[in-house]
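Descriptive structure summary
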Amino acid sequence: MENISEQKSDKGFVAMILLCFFFGGLGVHRFYAGKIGTGILMLVTLGGLGVWTIIDFVIIVTGNFKDKEGRYIKN
C-alpha cells in the first residue's frame, strides 16, 4: 500500500503555479490547495510582503508543495 505522503494530489500542478505567480500575495494558491488558515494569513500579510509567496512558488515548482491532506501537488 502506498504511503499517503507519496500519493499525488488531485489539484492541478499548472493551476497551482499560475495561481501562485499571479495571485500569490493574496494566498489564492493556498485556498486552492485547501489550506484555508494559511491562505487567510497570506491574504492579511500580503504574502508575507512577497517573501512567503516567493518561497511557496519555489516549493511548488520543485514539486514539494502538499495539499491539505498531505498529498504532493506535482506534475
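The present account deals with the structure reproduced in this document. (Residues numbered from 1 in each chain as written. Predicted model: local features only at pLDDT ≥ 70, side-chain atom pairs only at ≥ 80, totals over all residues. Heavy atoms only, no water.)

**A few points about the overall build of the chain**
Secondary structure summary: the chain contains four helices and zero strands in total. Element order for the chain, N to C, with α for helix and β for strand: α-α-α-α. Here the C-alpha atoms of the chain give a radius of gyration of 12 Å, agreeing with the 11 Å that 2.2 N^0.38 yields for 75 residues. Taking all 75 residues of the chain together, 29% fall into the buried category. In the chain, once contacts between residues fewer than 6 apart in sequence are set aside, the share between residues at least 24 apart is 53%. Accessible surface, the chain: about 4600 Å² in total, of which carbon and sulfur atoms supply 68%. (Helix = DSSP H or I, 4+ residues; strand = E, 2+ residues; numbered from the N terminus. Rg over C-alpha atoms; globule rule 2.2 N^0.38 Å. Buried < 20%, exposed > 50% of the residue type's maximum accessible area, 1.4 Å probe, protein only. Contact = heavy atoms within 4.5 Å. Areas by Shrake-Rupley, 256 points an atom, 1.4 Å probe, with all protein chains shown as cover.)

**Let's talk about helix α1 (residues 13–23)**
Considered for burial, the residues of α1 that qualify are F13, M16, L19 and C20. All buried residues of α1 project into a common sector of 130 degrees when viewed along the axis, lining one side. More than 90 degrees from the buried face of α1, the exposed residues found are V14, F21 and F22. In this structure, the buried side of α1 is in contact with α2 (28–32) and α4 (51–61). (Arc of directions from axis to C-beta.)

**A short note on the pattern of salt bridges**
Any two side chains of opposite charge can pair, so long as their charged atoms come close to each other. In the structure shown here, the tally under the stated rule is four salt bridges. Across the pair D10 and R71 runs a salt bridge, and its minimum N-O distance is 3.5 Å. In this pair, D10 sits in the segment before α1 while R71 sits in the segment after α4, placing the two residues 61 residues apart along the sequence. The exposure class of R71 is buried, given its relative accessible area of 17%. (Salt bridge = Lys/Arg side-chain N within 4 Å of Asp/Glu carboxyl O.)

**Observations concerning the nonpolar core**
Nonpolar side chains in soluble globular proteins tend to end up buried together. If you look at the biggest cluster of nonpolar residues, it comprises seven residues: F13, M16, C20, A33, I60, F65 and I73. Sort the elements by how many residues they give to this core and α1 lands first, with three residues. Non-local contacts of I60, meaning those with residues more than four positions away in its chain, are made with F13, M16, I17, C20, H29 and F65. (Core = buried A, V, L, I, M, F, W, Y, C linked by side-chain atoms within 4.5 Å.)

**Considering unusual backbone geometry**
Although it is not a glycine, L46 sits at a positive phi angle of roughly 55 degrees. Here L49, not a glycine, exhibits a phi torsion of approximately 55 degrees, which is positive. Along the polypeptide, L49 turns up in helix α3 (residues 36–49).

**Quick look at the environment of F31**
Locating F31 in the fold gives a position in helix α2. Along the backbone, F31 and K68 are 37 residues apart, and their C-alpha atoms lie at a distance of 9.7 Å.

**Observations concerning the side chain of H29**
Along the chain, the position of H29 falls in helix α2. For H29, the side chain forms a polar contact with the side chain of D56, separated by 2.9 Å. Setting aside its immediate chain neighbours within four residues, H29 contacts M16, L19, C20, G24, M42, D56, I60 and F65. (Polar contact = N/O pair within 3.5 Å; in protein donor to acceptor, adjacent residues only side chain to side chain.)

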